[in-house]
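# Examining the three-dimensional arrangement
What follows is each chain in one-letter form.
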Amino acid sequence: MKATEVGAVMTTDVVTVAHGTPLEDVVRALAEHPVGGLPVTDDEDRVIGVVSASDLARPRSAPGGPSCSAACRASAEPAPWAT
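Counting of residues starts from 1 at the beginning of each chain's written sequence and follows it residue by residue. The model is predicted, so local features are restricted to residues of pLDDT at least 70 and side-chain atom pairs to those at 80 or more, both for listing and for counting; the totals for chains, interfaces and linings are taken over all residues. Think of the side-chain values as coming from all heavy atoms in the structure, minus any hydrogens and water.

In this scheme, strands are said to pair when DSSP sees at least two bridges between them. By definition, any uninterrupted DSSP run of H or I lasting at least four residues is a helix, any uninterrupted run of E lasting at least two residues is a strand, and each is numbered from the N terminus. Read across the open sheet, the 3 strands follow the order 1-2-3; overall the sheet is mixed. Because the sheet does not close on itself, it has two edges, and the strands there are strand 1 (17-18) and strand 3 (47-52). Sheet analysis places strand 1 next to strand 2 (residues 37-41), joined by 2 bridges and oriented parallel. If you follow V17 over to strand 2, its bridge partner there is V40.

What follows is the structure in structure tokens.
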């Protein structure tokens, strides 16, 4: 029996947010789209992280709490799996 490949079940109409997107817009995008998280892209449209509702629910003062860069867990380097 052949295993199902990820391409058969993946979402192809992907909604992304840029790393500089205001958090209010991220909240709106998460509310409008039935997804668990949104890929975050850099200026070259490379995926550098993922932001989810649970990221945004953390108090800003908590370790790892949201600021645009922390909520996205973004860095200047693309995620290793995105290269």
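From this point, the discussion proceeds with the structure in view.
Now for the pairing of strand 3. As paired strands, strand 2 and strand 3 are joined by 5 bridges and run antiparallel to one another. Within strand 3, the residue paired with L38 across the bridge is V51. What sits between strand 2 and strand 3 in their antiparallel hairpin is a turn of 5 residues, with D45 showing a positive phi close to 60 degrees.

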